[in-house]
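Observations on the three-dimensional arrangement
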Amino acid sequence: MNRIAPAMPVGAYQTYQISSPRDTMITAACEQVGCPQWRQGWDSVIDERTELGTAQAAYIRTQSRRTFREMKTEQGLTVFRFESGQRCFAEHKTRPEIYLVRDGDWRGNPTGRRREHSRATDWVEDFGEHQLRLVDQQQKG
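Residues numbered from 1 in each chain as written. Predicted model: local features only at pLDDT ≥ 70, side-chain atom pairs only at ≥ 80, totals over all residues. Heavy atoms only, no water.

Describing the pairing of strand β3 (residues 68–72)
By the bridge criterion, 5 bridges tie β3 to strand β4 (residues 78–82) in an arrangement that is antiparallel. Looking across to β4, one finds that K72 is bridged to T78. Connecting β3 to the antiparallel partner β4 that follows it, the hairpin turn spans 5 residues, and G76 within it adopts a positive phi of roughly 90 degrees. (Pairing = 2+ DSSP bridges. Helix = DSSP H or I, 4+ residues; strand = E, 2+ residues; numbered from the N terminus.)

Re unusual backbone geometry
Of note in this structure, R65 is not a glycine but carries a positive phi near 55 degrees. Mapped onto the elements, R65 comes out in the loop between α3 (51–62) and β3. Note on R65: relative accessible area 84%, which makes it exposed. (Buried < 20%, exposed > 50% of the residue type's maximum accessible area, 1.4 Å probe, protein only.)

Brief notes about the sheet that holds strand β6 (residues 114–117)
Spatial strand order, β1-β5-β6: 3 strands in an open sheet with antiparallel pairing. Lying at the two open borders of the sheet, with one neighbouring strand each, are β1 (14–19) and β6. On average, each strand axis in the sheet is inclined to that of its neighbour by 20 degrees, with strand direction left out of account. Of the pairings in the sheet, the one linking strand β5 (residues 98–103) to β6 comprises 4 bridges and is antiparallel in character. (Axes fitted to C-alpha atoms, helices over the stretch in contact; angles between N-to-C directions.)

Have a look at this one:
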C-alpha cells in the first residue's frame, strides 16, 4: 500500500474510526428489530420477463430457504407470498456502530490508549475539539 510518509512520530497522532460489525445474528435479526414482515409476512412481486426478475425468482425458489406460496397476476407477474415468522430480505442493523478514538496512526498505537464513544454525537464532538486543538497548535507555531 502506498502511503505518505508521516511528518511526526507515531505518538503525535490520533486515529478516529467508525466501524460496524457484520450482522451475524441471521435468525433473530427481524424479530429483534420488530420487523413488520417478520410479524405479518409479505409479498414479493417479481417480473420474470426481465433479467433481474428471472434472477430474483430463481434465488427465491432455490436458495432463499424461506417458506412461500407462488402465484401469478393477470399481468403475468409472479407473486411470492412469504409466511410470518421468518427473516425478510432486508439487512437490519442489529449491531451498533463502534465509535473509536485511539492514539497513533497506521503504524500502531504506542500508548495502547483507546476510547470508545457510546454515541455518534460524542465522537463527532471529540473529533471537532481535536481539530480545533490542531489549528490552535498550528497557529502558535
